[in-house]
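Below, each chain spelled out in residue letters.
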Amino acid sequence: MSMLHPSVLFTPQKTIENDMVEHKLSFDASFQFQAYQSIIPSQFIWPDHEKPCLTPPVLQVPLIDFKGFLSGDPQAVSSACSKVNEACKKHGFFLVVNHGVDTKLMAQAHKLVDDFFCMKLSEKQRAQRKLGEHCGYANSFIGRFSSKLPWKETLSFRYSADKSSKTVEEYFVNVMGDDFRQFGSVYQEYCEAMSNISLGIMELLGMSLGVDRKYFRDFFEGNDSVMRLNYYPPCQNPDLALGTGPHCDPTSLTILHQDQVEGLQVFVDERWHSVTPKEDAFVVNIGDTFMALSNGIYKSCLHRAVVNSKIVRKSLAFFLCPNVDKVVTPPKDLINKENPRMYPDFTWPRLLEFTQRHYRADTKTLDAFSRLRKVTSYEVKEGSAFDGTVRKKITETPKKGQLCN
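Anyway, here's the lowdown on the structure attached to this text.

## Quick look at the overall build of the protein chain
Okay, step 1: Counting its secondary structure elements, the protein chain contains 12 helices and 14 strands.
Okay, step 2: The burial tally for the protein chain puts 57% of its 405 residues in the buried class.
Okay, step 3: Pairs at least 24 residues apart make up 78% of the contacts formed inside the protein chain by residues separated by at least 6 positions.
Okay, step 4: Put simply, the protein chain shows about 18,100 Å² of open surface, and 52% of that area lies on carbon and sulfur atoms.

What follows is the structure, given as structure tokens:
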């Protein structure tokens, strides 16, 4: 049996074990390196071939009139489907306007980003993200990786569309205390709004692909998703650092609301392009899981975030994910001789584990994941002798540089 080439696999980068080093690199919005250094620490400096382009061309991202699409007007529906089909086959990004989300709710959500990240580091660390998990507070991934650190802080938490519980509100109260109930209430409402928009977008994606309008909407009813607050402080050397490294989202769909500070860049036609912030619009992009659902017809695109030296940049990212029990498999309408089946069936938790523990998310994530499943029969019971032997073989001697973000 042939094994995967080590260039498509990696082992997690060595963590920073020296407490003094970790303390020195504590990345905190309320206390920046500028106070005592003219250049950022080497751990935040990216290789020359990955350094940011601070004046890239602007990507022409299509505007989708969401209200018009939902109205059922034939012309509006046809226009939306055509624009989405073209964009998602090329780069997977589009903008949604006339979405109906309360502007006061959006403003509240952004204000609370400031309130949280401007707290003392010790307060934020009450929600510290644990190694190998995808929810919690991340302090530039210090303690997890030792190089190519992102110039940012994040707070991620789970959202469940199960109406019987308020997972977001409960998270803030359980982790941060009763004083944060208002935080939880605002982000619970925000996530519910994002979930509702997501289901409407799934109708649009289904129609644009020529399948039943409700096919993907039904698949994502009862979604189990992730919300992330991103905070990018000013950086004295923005030409050396990245707020977020190049990656593809392994999730199904990302709905992003940016503040008015530029920073999002997308890799299209072999070069980086910027996505201009638009206050009344959500940036929507396809993730790997939906690329698999579309049988590879719609693309999950490489993107990143750059930083600047003058002003904080903030964004709110909702990552739509299917319920953990849902099997990701494309509709039969999208499989034929011209477009044969591209990826094996899988569940979202399997792909999530792969990207969190075994592989740096890039444009080849699904290909690597698919080959891994074929080599290891990934459904083999974890912890079995066979499972342990195979995992040891495929993770040893990784290619230098294949490191997780």
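So that's the structure; there's more coming.
## Description of the packing of helix H4 (residues 103-117) against helix H7 (residues 181-209)
Okay, step 1: Two numbers describe how H4 lies on H7: the axes approach to 10 Å, and their chain directions differ by 135°. Taken together, the axes of H4 and H7 are oblique relative to one another. Along this stretch, H4 crosses H7, giving a crossing that reads as left-handed. Along the contact surface, H4 presents Leu105, Met106, Gln108, Ala109, Leu112, Val113, Asp115 and Phe116, while H7 presents Gln182, Phe183, Val186, Tyr187, Glu189, Tyr190 and Ala193.

## Comments concerning the pairing of strand E5 (residues 224-232)
It is a general feature of regular strands that their side chains alternate between the two faces of the sheet.
Okay, step 1: For E5, the buried fraction is high: nine of the nine residues fall into the buried class.
Okay, step 2: Two strands pair when backbone bridges link them, and strand E4 (residues 153-160) and E5 are joined in this way by eight bridges, in the antiparallel orientation. Across the sheet, residue Ser160 finds its bridge partner in E5, namely Asp224.
Okay, step 3: Looking at chain direction, E5 and strand E12 (residues 313-320) are connected through seven bridges and run antiparallel. Residue Arg228 lies in a different strand from E12, and its bridge partner there is Ala317.

## Here's the deal with helix H6 (residues 167-176)
Okay, step 1: Most of H6 is tucked away: seven of the 10 residues are buried.
Okay, step 2: Contacts from the buried residues of H6 go to H4, helix H5 (121-124), strand E3 (136-139), E4 and H7.
Okay, step 3: Looking one or two residues past H6, Gly177 carries a phi angle of roughly 105°, positive in sign.

## Side note on the sheet that holds strand E8 (residues 264-268)
Okay, step 1: Strand order in the open sheet formed by four strands is E6-E11-E8-E9, and the pairing between neighbours is antiparallel. Across the chains shown, the open sheet's two edge strands, defined by having one partner strand only, are strand E6 (244-247) and strand E9 (271-274). Strand-to-strand twist across the sheet, computed as the mean angle between neighbouring axes with direction ignored, equals 25°.
Okay, step 2: In this sheet, strand E11 (residues 303-305) lies alongside E8 in antiparallel orientation, the contact comprising three bridges.

## Details of the pairing of strand E2 (residues 93-97)
Okay, step 1: Burial runs high along E2: five of the five residues are buried.
Okay, step 2: Sheet topology places E2 next to strand E10 (residues 282-286); four bridges connect them, and they run antiparallel. Across the sheet, Leu95 pairs through a bridge with Val283, a residue of E10.

## Some details on helix H3 (residues 74-90)
Okay, step 1: Over its 17 residues, H3 extends 25 Å from the first C-alpha to the last, a length consistent with the 24 Å expected when each residue adds 1.5 Å.
Okay, step 2: Looking at the buried residues of H3, the elements they touch are strand E1 (63-65), helix H2 (66-71), E2, H7 and E10.

## Examining the environment of Val266
Okay, step 1: Mapping Val266 onto the fold places it in strand E8.
Okay, step 2: In this structure, the C-alpha to C-alpha distance between Val266 and Val58, residues 208 residues apart in sequence, is 9.5 Å.
Okay, step 3: The contact partners of Val266, leaving out residues within four places of it in the chain, are Leu59, Phe93, Arg271, Trp272, His273, Val275, Cys301, Leu302 and His303.

## A word on the sheet that holds E2
Okay, step 1: Judged by pairing direction, the sheet is mixed, and its eight strands sit side by side in the order E1-E2-E10-E7-E12-E5-E4-E3 without closing on themselves. For this open sheet the edge positions go to E1 and E3, each flanked by a neighbour on one side alone. Neighbour-to-neighbour, the strand axes of this sheet turn through a mean angle of 25°, independent of strand direction.
Okay, step 2: In this structure, strand E7 (residues 253-258) lies alongside E12, joined through six bridges in antiparallel fashion. Within E12, the residue paired with His257 across the bridge is Leu316.
Okay, step 3: Each of E3, E4, E5, E7, E10 and E12 touches H4; the most contacted strand, E12, lies at about 115° to it.

About the thresholds
- Residues numbered from 1 in each chain as written.
- Predicted model: local features only at pLDDT ≥ 70, side-chain atom pairs only at ≥ 80, totals over all residues.
- Heavy atoms only, no water.
- Helix = DSSP H or I, 4+ residues; strand = E, 2+ residues; numbered from the N terminus.
- Buried < 20%, exposed > 50% of the residue type's maximum accessible area, 1.4 Å probe, protein only.
- Contact = heavy atoms within 4.5 Å.
- Areas by Shrake-Rupley, 256 points an atom, 1.4 Å probe, with all protein chains shown as cover.
- Axes fitted to C-alpha atoms, helices over the stretch in contact; angles between N-to-C directions.
- Parallel < 35°, antiparallel > 145°, perpendicular 65-115°, else oblique.
- Left-handed = near helix turned anticlockwise from the far one by under 90°.
- Pairing = 2+ DSSP bridges.
- Expected span 1.5 Å × (residues − 1).

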